[in-house]
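Coordinate analysis (summary)
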Amino acid sequence: MDIKVENNFDDLIKDIDRLNRRHIPFAISKTLNDTAFEVRAAEIDVMQSVFDRPTGFIMKALRVNKGKVKSPEATVAFNGRLGKDGEAVDKVLLPQIKGGKRKLKGSERTLRRHGVLRSNERIVPSRALRLNRHGNITKGLMNKILSNIGEQSDSTANTPLAKRTTKYIVGEVGGTRGIWSVSGKKQDKWKPVLIFVREPNYKKRFPFFKTARKVMVKRVRPNFIKAMDYATRTAK
């Protein structure tokens, strides 16, 4: 999923005199690259407004692939994955851009593979759970929960019962299914940790393509004028 920064330059170049026409390929390439970086900046601003505390990793994953004079095509795209074996960033964001259902997280796949999570369920952190500064459950705690309930993909990573201080169990309390922490001498202190909810259907939140189009319509012409001016002033 990427955005190709492009424009029909015919109207922009028709009045350029013959002497300066040799600068047009450079100016077009520079225009597309400069506009691509402006698209990226606008997309980051939008992400910060529509998402709750987006991670730096997500925002840095949006990158510009610059074009060259002989191949004047600049693109703006999400690169990278969430974790070593995680989902591609663009696929994770796709439901926020186009709407629909999101793919399973790694922890959800693990729970489903072991029959803990039903086919129509997803997990969400409870309000009682302490999250990181981006509003997400930490990887360390997630691994601890999975190992505590015996659902780590590597069985040697699962925590023996005798060594558990706080127990995490899968259960249903008051009609709410999820993973609960159980503590206290009598094991009578139950707190929700991860709640199992019906698979959500996401609405479009991130106007990825619309944002890019607005920037291109507004910025290509002034960027081209600046690029031509720069080319003529610095020409040898």
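Up top is the structure.
All residue numbers here refer to positions counted from 1 along the written sequence of the relevant chain. Given that this is a predicted model, residues contribute local features only at a pLDDT of at least 70 and side-chain atom pairs are listed and counted only at 80 or more, while totals for whole chains, interfaces and linings are drawn from all residues. Side-chain measures were taken over the full set of non-hydrogen atoms in the model, leaving aside hydrogen atoms and water.

Here we come to the pairing of strand S5 (residues 167-173). If a strand is regular, its side chains alternate between the two faces of the sheet. Across 7 bridges, S5 lies against strand S6 (residues 176-183) in antiparallel orientation. In the sheet register, glutamate 172 faces S6, and the bridge partner there is arginine 177. For two strands to be treated as a pair, DSSP must find at least two bridges joining them. In DSSP terms, a helix is any run of H or I states spanning at least four residues, a strand is any run of E spanning at least two, and both are numbered starting from the N terminus.

Here, the term nonpolar core denotes a set of buried Ala, Val, Leu, Ile, Met, Phe, Trp, Tyr and Cys residues that are joined through side-chain atoms within 4.5 Å. Residue exposure (1.4 Å probe, protein chains only): buried if accessible area is under 20% of the type maximum, exposed if over 50%, otherwise partly exposed. Within the largest apolar cluster, 37 residues are counted, with the highest numbers of intra-cluster contacts made by Phe9, Met47, Val76, Phe78, Phe206 and Phe224. For this core, the elements supplying multiple residues, two or more each, are strand S1 (2-5), helix H1 (10-13), helix H2 (24-50), helix H3 (56-60), strand S2 (62-65), strand S3 (74-78), helix H4 (89-98) and helix H7 (208-234).

Time to look at the sheet that holds strand S4 (residues 121-125). Strand order in the open sheet made by the 4 strands is S4-S7-S6-S5, with antiparallel pairing throughout. Bordering the open sheet on either side are S4 and S5, each of which pairs with just one other strand. In this sheet, adjacent strand axes meet at a mean angle of 35 degrees when their direction is disregarded. When S4 meets strand S7 (residues 189-198), the two strands line up antiparallel, connected through 5 bridges. Every angle, taken between N-to-C directions, lies between 0 and 180 degrees, and every axis is a line fitted to C-alpha atoms, over only the stretch in contact when it is a helix.

Right, let's talk about the sheet that holds S2 for a bit. Strands belonging to one sheet form pairs held by backbone hydrogen bonds; the direction of such a pair is parallel or antiparallel. The strand order across the open sheet formed by 3 strands is S1-S3-S2, and the pairing between neighbours is antiparallel. In this open sheet, the two edge strands, each paired with only one partner strand, are S1 and S2. Mean inter-strand twist for the sheet, computed between neighbouring axes without regard to direction, equals 20 degrees. Alignment of S1 against S3, held across 4 bridges, turns out to be antiparallel. Along S3, the bridge assignment pairs isoleucine 3 with valine 76. Every residue pair with non-hydrogen atoms within 4.5 Å of one another is taken to be in contact. This element, H7, spans S1, S2 and S3 of the sheet and lies at about 15 degrees to S1.

Two aromatic rings from Phe, Tyr or Trp, using only the six-membered ring of Trp, form a pair when their centres are within 6.5 Å; if the ring planes differ by under 30 degrees the pair is stacked, by over 60 it is edge-to-face, and anything between is tilted. Taken as a whole, this structure holds 7 aromatic pairs when the rule is applied. In this structure an aromatic cluster arises from ring pairing among Phe51, Phe78, Phe206, Phe208 and Phe209. Think of it as a cone above the ring: NZ of Lys or CZ of Arg counts as a charge over the ring if it is within 6 Å of the ring centre and within 35 degrees of the ring normal. Across from the ring centre of tyrosine 230, 5.4 Å away, lies the NZ or CZ of lysine 30, which sits over that ring.

What follows concerns the pattern of salt bridges. The term salt bridge refers to a side-chain nitrogen of Lys or Arg lying within 4 Å of a carboxyl oxygen of Asp or Glu. Across all of its chains, the model carries 8 salt bridges by this definition. Between glutamate 38 and arginine 219 there is a salt bridge, with its nearest N and O atoms 3.1 Å apart. Note that glutamate 38 is positioned in helix H2 and arginine 219 in helix H7, a separation of 181 residues in sequence. Classification of glutamate 38 by relative accessible area gives partly exposed; the value is 26%. As a salt-bridge pair, glutamate 121 and arginine 177 come within 2.9 Å of each other at their nearest N and O atoms. Note that glutamate 121 is positioned in strand S4 and arginine 177 in strand S6, a separation of 56 residues in sequence. You can call arginine 177 buried: its relative accessible area is 15%. By sharing partners, the salt bridges in this structure join Lys101, Arg122 and Glu199 into a single network.

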